[in-house]
Amino acid sequence: VAGMGADLYESYCGSILATAALGAAAFAGDMQIQAVLAPMLIAAVGIVLSVIGIFLVRTKEGATMKNLLGALGTGVNTSSALIAVCTFGILYALQIENWVGISFSVIVGLVAGIIIGQSTEYYTSHSYKPTRKIAKSAETGPATVIISGIGMGMISTAIPVVTIAVAIVLAFLCATGFDIHNMISAGNLSKGLYGIGIAAVGMLSTLGITLATDAYGPIADNAGGNAEMSGLDPKVRQRTDALDALGNTTAATGKGFAIGSAALTALALLASYIEEVKIGMQHVGQSSLELADGTMKAVADANILDLMDYFQVTLMNPNVLVGAFIGAMMAFLFCGLTMNAVGRAAQSMVEEVRRQFREIKGILEGKATPNYARCVAISTKGAQREMLFPSVLAILAPIAVGFIFGVAGVMGLLIGSLSAGFVLAVFMANSGGAWDNAKKFIEEGNLGGKGSDNHKATVVGDTVGDPFKDTSGPSLNILIKLMSMVSIVVAGLTVSFHLL
């Protein structure tokens, strides 16, 4: 809960600050102050309206999974609608230029978040066909459960990716007044990027209720474990199982929401990187640029397009392509390292449990108490030790690429890691959630029920799905943003290394 909360909070702050910086660059005079204040005010109002949405979540006794999902949907959708209305009021009061268009950019972000949430719900809840098909595939063994889950996870990436693509274009156009013929002119580009940034703020403005639904999942899961270990009435466990299944879906929704917002925020961070490069050039004493057509331009007056031209950030530049390949590879390398880390930590845990069964007599009969603290220590120490290398790798990669391939290589690296990481994260989160809920579907008495061969096959799927949805998938969101932030921090160093 703390890890996912910190991750989403970082996206929240990143989107607000990146949008504020883009606003200062896109607007002039007094309008700069309004552009900087707008994302902060939208986020602030969103907190209050999210709390109102939480109080609207209600359900009746004996509610089905669809009833439970509907209750959560009521809270999220009501908060989103209220934020959309308030956005128009905030931007009108600020009298920001093209306030109607920018308000629609915020609404684009809100709608994109809702669509990603609904898509995740469809692919991970056992109320719908995809997860039930995975459960049905258990009739031919664990292998087909794994194959079915991986295939479904891959298919599930289509809607979120298309949604983000459409959201980027619409948010950009709304902020530029739908000036399609001059989309990437210098003036429109800055305002369009501001529109994309404020769309990310809109998507994250419901964070109060979105994070609550995400955190709810592990709480419901542990409540079920407590009910079973305490020997409570089977009806209690039945209810907690329903809530746990819902929690698997909301957790997957939260992860999709996090990576979707990271995709929008990353575009704003790319623009911030170019601004930092510009500042770095001025620090090393470079006052002018020679553009591709031979014209000279002062660095202080250069816009994003001028800097793209100067550093040759095009698909025909091999440095950009090499950076993109390395960025895409980083997403898969990071996943591989984190999954292997889970495997090693799990093996240490199994060995400790076996040792305790051997040496502490009476555990199985309930006459002796296991050493729980030792098992917890293995998990915490293992997590800290195993994440050292992946973390250092994520920090060193943008520095090394910057030194070897320059600004163009870093831009390629960030684009490659963003595109591959986004798709891979959605795939892993949805596969993991679906495998878990396929097991829950059988445990509710379907396809042979708990203890059957079908159930055992889905347990294997769930075991594979845990590192997918709880470790590797969520960590990709952090990888994307960490590499972006490190690139921004060392932008001056990258520029000075290649210019001096």
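Cut-offs used in this document
- Residues numbered from 1 in each chain as written.
- Predicted model: local features only at pLDDT ≥ 70, side-chain atom pairs only at ≥ 80, totals over all residues.
- Heavy atoms only, no water.
- Salt bridge = Lys/Arg side-chain N within 4 Å of Asp/Glu carboxyl O.
- Buried < 20%, exposed > 50% of the residue type's maximum accessible area, 1.4 Å probe, protein only.
- Core = buried A, V, L, I, M, F, W, Y, C linked by side-chain atoms within 4.5 Å.
- Helix = DSSP H or I, 4+ residues; strand = E, 2+ residues; numbered from the N terminus.
- pLDDT = per-residue confidence, 0-100.
- 1 Å grid on protein atoms, 1.4 Å probe; cavity = no way out; pocket = protein on both sides within 12 Å on 5 of 7 lines; lining within 4 Å.
- Points joined across faces, edges and corners; volume = space filled by probe spheres on them.
- Nonpolar A, V, L, I, M, F, W, Y, C, P; charged D, E, K, R; others polar.

## Some words on the pattern of salt bridges
Thinking step 1. As enumerated under the stated definition, the model contains 16 salt bridges in all.
Thinking step 2. The partner of Glu228 in a salt bridge is Arg237, and the shortest N-O contact between them spans 3.3 Å.
Thinking step 3. When its relative accessible area of 46% is taken as the criterion, Glu228 is described as partly exposed.
Thinking step 4. Residue classification places Arg237 among the partly exposed residues on the basis of a relative accessible area of 23%.
Thinking step 5. When salt bridges with common partners are traced through the structure, they connect Asp244, Asp436, Lys440, Asp466, Lys469 and Asp470 into a single cluster.

## Focus on the nonpolar core
Thinking step 1. Counting residues in each nonpolar core, the largest one holds 108 residues, and the members touching the most others are Ile102, Tyr194, Tyr273, Val277, Met281 and Met411.
Thinking step 2. Ranked by residues supplied to this core, first place goes to helix α14 (residues 388-443) with 22 residues.
Thinking step 3. One finds Met65, Leu68, Leu69 and Leu246 within the second-largest nonpolar core, a separate group that totals six residues.

## Overview of the confidence of the model for the chain
Thinking step 1. Residues with a pLDDT of 70 or more make up 99% of the chain, whose mean pLDDT is 89.
Thinking step 2. For the chain, per-element mean pLDDT is lowest for helix α10 (residues 234-283), which scores 81, and highest for helix α6 (residues 142-155), which scores 96.

## Some details on empty space enclosed by the protein
Thinking step 1. Taken as a whole and judged by the stated rule, the model has two cavities of 30 Å³ or more.
Thinking step 2. Its boundaries defined by the atoms lining it, the largest cavity holds a volume of some 320 Å³.
Thinking step 3. Along the walls of the largest cavity sit 21 residues, with Gly73, Val76, Gly117, Gln118 and Thr253 positioned nearest its centre.
Thinking step 4. Put simply, the parts of the chain that give the lining of the largest cavity at least two residues each are α3 (65-94), α4 (99-124), α9 (207-229) and α10.
Thinking step 5. Broken down by element, the lining of the largest cavity gets its largest block of residues, seven residues, from α4.
Thinking step 6. For the lining of the largest cavity, a count of residues per class yields seven nonpolar, 13 polar and one charged.

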